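Spelled out from the first residue to the last, the chains are:
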Amino acid sequence: MYQSDKIKMQLQCPMPKLDFDVITLGHGSGGILTNKLLDSGVFNILSNPILDERHDGAFINLESKTAFSTDSFLVSPIFFPGGNIGELAINGTVNDLAMCGAIPKHLSLSFIIEEGLKMSEFWEILVSIKFACEKSGVQIVTGDTKVVEKGKGDKIFINTSGIGSIHPKANINAKNINIGDKIILSGNIASHGMAIMSVREGLEFESQIQSDTINLNHTIINLIEKFGSDIHLVTDPTRGGVATVLNEIAKQINLGIEIFQKDFPIEQQVASACELLGLDPLYVANEGLFLSFVSENIAENLLQELQNDENGINAKIIGSVVKNHPKQVVLESNIGGKRVVSMLPGEQLPRIC
Amino acid sequence: MKYMSEYRDPELAKQYLEEIKRTVTKPWSIMEVCGGQTHSLVKNGIIEMLPKEVTMIHGPGCPVCVTPLRLIDKAIHLAQQKNVILCSFGDMLRVPGSEKSLLEAKAEGGDIRILYSPLEAVKIAEENPNKEVVFFAVGFETTAPANALSVIHAHRKNLKNYSILASHVLVPPAIKAVINDDESKIDGFLAAGHVCTIMGNSEYYPIANKHNVPIVVTGFEPLDVLQGILMVIRQLENKENKVENQYARIVREEGNPNAQQIIFDVFQTQNQTWRGIGEIPESGYGIKEKYKDFDAIKKFDITIKEAPENPDCISGLIMKGIKKPFECVQFGKKCKPTSPIGAPMVSSEGACAAYYHFSGLIEA
């Protein structure tokens, strides 16, 4: 979300006057405090006809083939340059639905809050959720709030699940991927992971690295509208980064994937930060980014279309699907050498020197 | 940032490769001593680009690989104590001890923190006066000044709760040990550029002279490594045995005297055990008597029994260039990056991990 949007949303949604400054165990008890919290906060700010029913669950009419997705969010710190856990939780599930070729519509929203979370922080998260919902065109239709004892959580965990109807022109399936398909990356890699890392490690760079968290549904639906079934797969390389996702796909389709280091879009300062910390940006998490596998004959046109979208300005064709080295991702380095890009055995750990 | 692209230029890389091909007339085995160089060779796909006459041998300069098993067990033991915060560089965490790794000890509740600098550990000690803070001070000459400085800082601040578990190894004795091994057939060496940034080049002249091997102090960017290889091959083809400095933009002949002063204020050379290789005389740093209060080994009564290495692991032979990783019976079978039985399968600098990924093996 842009800075100007953020200031606007703070002004539009001032925090109500409450008789509590922090969230306590009582707010999750189901009693008066819970009702106060929900009335003054959640229900009010996220109000829509389905949520306003306030029943045990939401009533929704399904019109067509539907995608269903869920994700949990436990980022630390909960506020980071470029966003916070609230908008991340909305964009995450919205994007997962979009990767299915669906138009996201209805989301559930569950909080697990550690007692002691400042009400002002919770409010800021709620406001971000509201704006992220508006931006992506989804409604929160059901939810839950639980509070755990201090030390049994990490400020706030959020789970969102969502449904959306599949776009009639969408035919997203890894089975549709063919030899010769081009792989397009929608923007700069590693921004989200490095934004989080720089705050967590207390590292200061010349200018702040911003997370790329954003909703991608409008961008993807527009592409599906124009290129239909020539888009074989869209997927977002979040945890584990681009390298991990490409490996998963190579194994799934039993074909090789060839990528070119020189074509990888990456912001200069993110690249520098990765060098400094001894991390490979290919394995660093992304949020507002997607990979698409598309027919060779429409690749250039799709790239152009994508580059005209605010979420795809830095898009690039980074590689293609090949017959050789099935199940493997092979990278051609800047100097022309080739290496296998494998999955990491675990979390990426910084090197000694 | 400068230096991000200048030494990765594809055109220049091509020219170096062509020059290497033009120069080489017979097979040569060249050892890149430092794990950072191994990492660069693998990451940039350089090994495959070299002519078949040139064989690169990944040397023992991988701190993760050569830290003795017993010391890792000690670190794990300390990390399991309730009042201890164990701080470490990231890639030590996955190295297998005799029973578990630090990563597993962390999952079991040990307070283990990944740091980028030992000075952060001093800060943690200041902030946690009721806890013992131990920094797992691993590495070659390159990391020694910062580790020593942390001791000096803690001493100045009169901190009673900071100590280091030191396992410092030195490059020149390791090169000698490799050369002196009867089975070793290394023709020339790329010395570790950053080690020489600290220590200078003087230690390498007697080695090159006595053993008749070319030694080229080399950097870590792809063009550095390619130029270093070319310089070694030129010497080999001309039957020369000089010490040359490819990394002159960083390495001065005398090294960094200030850093050396800090090292020798805190450390003294001692015999050192290298995992997989054994004891090498005068090949490590121990903490001097005057800083003994900061020596975790002396400070804590850590009695753990000596555990045997996995007998299947031939890491010593691999690091000396006598065997290739795929000659190990467990390579890719029991020993994989997710379940390493030896340390060189852990780090991206380790020879076995490098070969594993390179050989295109896929873990299910």
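For clarity, every value in this text was computed on a predicted model and none was experimentally measured.

## Section: the UniProt feature "coiled-coil region" (unreviewed entry) in chain B
Turning to step 1, where the next piece is worked out: Those places that UniProt annotates as "coiled-coil region" (unreviewed entry) correspond, in this numbering, to residues 226-256 of chain B.
Turning to step 2, where the next piece is worked out: In the segment residues 226-256 of chain B, helix accounts for 39% and strand for 10%; the C-alpha atoms at its two ends are 25 Å apart.

## Remarks on the sheet that holds strand β1 (residues 28-34) of chain B
Residue and element names in this part refer to chain B.
Turning to step 1, where the next piece is worked out: Read across the sheet, five strands follow the order β2-β1-β7-β8-β9 without closing on themselves; strand pairing throughout is parallel. Each edge of the open sheet is held by one strand with a lone partner, namely β2 (54-61) and β9 (243-245). Mean inter-strand twist for the sheet, computed between neighbouring axes without regard to direction, equals 25°.
Turning to step 2, where the next piece is worked out: Lying over the sheet, helix α2 (residues 35-43) contacts β1, β2, β7 (188-192) and β8 (215-218), oriented at roughly 120° with respect to β1.

## A word on the interface of chain B and chain A
Turning to step 1, where the next piece is worked out: The interface is formed by 37 residues belonging to chain B together with 22 residues belonging to chain A.
Turning to step 2, where the next piece is worked out: For the side of chain B that touches chain A, the secondary structure elements donating two or more residues are α1 (10-23), α2, α3 (46-49), α4 (63-66), β5 (132-139) and α16 (351-358) of chain B.
Turning to step 3, where the next piece is worked out: Of the residues contributing to the side of chain B that touches chain A, the split by class is 18 nonpolar, twelve polar and seven charged.

## Some words on the pairing of strand β5 (residues 139-148) of chain A
Residue and element names in this part refer to chain A.
Turning to step 1, where the next piece is worked out: Here strand β4 (residues 102-114) runs beside β5; their pairing, made up of nine bridges, is parallel. Residue pairing for β5: E114 is matched across the bridge by V148.
Turning to step 2, where the next piece is worked out: Where the polypeptide runs from β4 across helix α5 (residues 119-136) and back to β5, its parallel neighbour, the crossover connection is right-handed.

## Remarks on the domain arrangement of chain B
Residue and element names in this part refer to chain B.
Turning to step 1, where the next piece is worked out: Along its sequence, chain B is organised into domain 1 (1-325) and domain 2 (326-358).
Turning to step 2, where the next piece is worked out: Each of domain 1 and domain 2 has a C-alpha centre, and the two are 18 Å apart.
Turning to step 3, where the next piece is worked out: Contacts between the two partners involve 25 residues from domain 1, matched on the other side by 23 residues from domain 2.
Turning to step 4, where the next piece is worked out: For the side of domain 1 that touches domain 2, the secondary-structure elements that each account for two or more residues are α2, α4 and α15 (315-319).
Turning to step 5, where the next piece is worked out: The element best represented in the side of domain 1 that touches domain 2 is α2, accounting for five residues.
Turning to step 6, where the next piece is worked out: Residues that form the side of domain 1 that touches domain 2 fall into these classes: eleven nonpolar, eight polar and six charged.

## Quick notes on the nonpolar core
Residue and element names in this part refer to chain B.
Turning to step 1, where the next piece is worked out: Counting 122 residues, the largest nonpolar core has L86, V134, F136 and A191 as its most contacted members.
Turning to step 2, where the next piece is worked out: In terms of residue count, helix α12 (residues 222-237) provides more of this core than any other element does, nine residues in total.
Turning to step 3, where the next piece is worked out: Each of domain 1 (1-325) and domain 2 (326-358) contributes no fewer than three residues to this core.

Definitions and cut-offs
- Starting from 1, residues in each chain are numbered consecutively following that chain's sequence as written.
- Numbering of ligands from 1 and lettering of chains from A proceed in the order in which they are written.
- Reporting in this predicted model follows two pLDDT cut-offs: at least 70 for local features of residues, and 80 or more for side-chain atom pairs to be given and counted; totals over whole chains, interfaces and linings ignore these cut-offs and use all residues.
- UniProt positions are given in the numbering used here, feature names are shortened, and annotations may be inferred rather than shown by experiment.
- Under the DSSP-based scheme used, a helix requires at least four consecutive residues in state H or I and a strand at least two consecutive residues in state E, with every element numbered from the N terminus.
- Two strands pair under a simple rule: DSSP has to find at least two bridges between them.
- Here an angle of 0 to 180 degrees is reported between the N-to-C directions of two axes, which are lines fitted to C-alpha atoms, with helices fitted over the stretch in contact.
- For the purpose of contact definition, each residue receives a C-beta atom placed from its backbone, and two residues are in contact when these atoms lie within 7 Å.
- Residue polarity is assigned by list, with Asp, Glu, Lys and Arg as charged and Ala, Val, Leu, Ile, Met, Phe, Trp, Tyr, Cys and Pro as nonpolar; anything else, Gly included, falls into the polar class.
- Whether a crossover is right-handed comes down to one check: with the strands pointing away from the viewer, does the path from the first strand over the helix to the second run clockwise; if it does, it is right-handed.
- The split of the chain into domains comes from an automatic or database domain assignment.
- In this usage, the nonpolar core is the set of buried Ala, Val, Leu, Ile, Met, Phe, Trp, Tyr and Cys residues whose C-beta atoms join them within 7 Å.
- With C-beta atoms placed from the backbone, a residue is labelled by how many other C-beta atoms lie within 10 Å of its own: buried for 20 or more, exposed for 12 or fewer, partly exposed between the two.

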